Amino acid sequence: MRETELLIPAGSLDVLKTAVIYGADAVYIGGEVFGLRAKAHNFSKEEMKEGIAFAHERGVKVYVTANILAHNEDLPGVEAYFEELKEVKPDALIISDPGIFAIARRILPDMELHVSTQANNTNYGTYLFWHQLGAKRVVSARELSLEEIREIRAHIPEDMEIESFIHGAMCISYSGRCLLSNFFTGRDANQGACTHPCRWKYSIVEETRPGEYMPVYENERGTYIFNSKDLCMIEHIPELILAGIDSLKIEGRMKTALYVATVARTYRKAIDDYKKDPSLYEKNMEWYKEEIGKCTYREFTTGFYYGKPGTDAQIYDSNTYVKNYTYLGTVEEAVGCWIRIEQKNKFFVGDTIEIMKPDGRNVEALVKGICDTEGNAQESAPHPKQILWAELDQPAEVYDILRKKAEP
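This text gives an overview of the structure that appears in the document. (Residues numbered from 1 in each chain as written. Predicted model: local features only at pLDDT ≥ 70, side-chain atom pairs only at ≥ 80, totals over all residues. Heavy atoms only, no water.)

1. Some details on the nonpolar core
Membership of the largest hydrophobic core comes to 93 residues, with the highest contact counts inside it found for Phe82, Leu93, Ile237 and Tyr267. Top element by residues in this core is helix H9 (residues 257-276). It accounts for eleven residues. With residues up to four places along the chain from it excluded, the contact list for Tyr267 reads Leu6, Ile166, His167, Cys232, Met233, Ile234, Ile237, Ile250 and Ile292. Core analysis: the second largest hydrophobic core is formed by 17 residues, Ile355, Val363, Ala390 and Leu402 among them. (Core = buried A, V, L, I, M, F, W, Y, C linked by side-chain atoms within 4.5 Å. Buried < 20%, exposed > 50% of the residue type's maximum accessible area, 1.4 Å probe, protein only. Helix = DSSP H or I, 4+ residues; strand = E, 2+ residues; numbered from the N terminus. Contact = heavy atoms within 4.5 Å.)

2. Some points on the side chain of Ser140
By the secondary structure assignment, Ser140 is in the loop between strand S6 (137-139) and helix H6 (146-155). Taking the relative accessible area as the measure of exposure, Ser140 reaches 3% and is therefore buried. Within the structure, Ser140 has its side chain in polar contact with the side chain of Ser164 (distance 2.7 Å). Not counting chain neighbours up to four residues away, the residues in contact with Ser140 comprise Thr117, Asn121, Tyr127, Ile149, Glu163 and Ser164. (Polar contact = N/O pair within 3.5 Å; in protein donor to acceptor, adjacent residues only side chain to side chain.)

3. With respect to the environment of Gly369
For Gly369, the position within the fold is in strand S17 (residues 362-372). Distance from Gly369 to Gly350, taken between C-alpha atoms, is 7.9 Å for residues 19 residues apart in sequence. Discounting chain neighbours no more than four positions away, the residues touching Gly369 are Trp338, Val349, Trp389, Ala390 and Glu391.

See below:
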């Protein structure tokens, strides 16, 4: 059986550390330029260095995205950026543009190169093309079925790696190449500035009847016709591994630490359980499903893995997320039962919360007290980003995550 990598996204240094602690084998991040998540916090050069050092100390790899579809004016900046990455030393670059790929080969000849899903990698001929150019890994197009991935594996060299998305948001456009954002707002999705218009609500208007909105679906006055459900393959780990996929990739470089920790921890346990004993994986299935539902999502689908998705893969009536738990903060320091956090959402003295631990345990705890950094007691934590101390009736450790069941 091939080695299986769990690849987790991180949009900031704090989230990278969370991904590492909660089970990632590798983390993918973006610098401040040339990645497809320009609205994420992203990493400065110094943050990249710190994040890579943190990961490497714990045996985790870090990949840097440079996967925009470049225009002429981008190329000089790409060269300068890749010169900087010589000093940063990530484990690989993720690239979609052949011009950028060629620059990377020239400036970083020893760097491992991965080809992004944005490159429309839908057949083994494409994989072989990139392999001949020096790619170590190709990310499969999201439009591929498991059967097609198995066929690709059978036609490519043993040392060539396949990476595939297994969880997270799905793009409405082919291999993520969308023009809606650019058309509506002037912000180019293929340059990293997507405004996600696929989540907006649409109706049809006939040209000679301005203002008369016609329903697009059934009897509704408008529909979220482009709004896909989120991908989730937690129930299909064996099929993914047996298809020959080397890296199981989670989407979400704009997600919170709670999301990243929840998804990383759940898939880590599922993969490890299956590798240890397939019957253990089946036995723990309800736990995986329960845990994966504790982070924010938009209902789930298996995407294209078992054939072309039908209408049940879309959400027509809203663009709202399912949110079962609220992220309160990550423990930055612990002294007895007192913990220091940067508060993310409101909670009160007397609340029952949950301490989420990297090893898979969830510990219920009572908030006995809250005070600011000056030691002044307060009844609640009302202001996001406030640094505070909270006393719990259960001990917590650094990197534990605090969460609270969402209000109905």
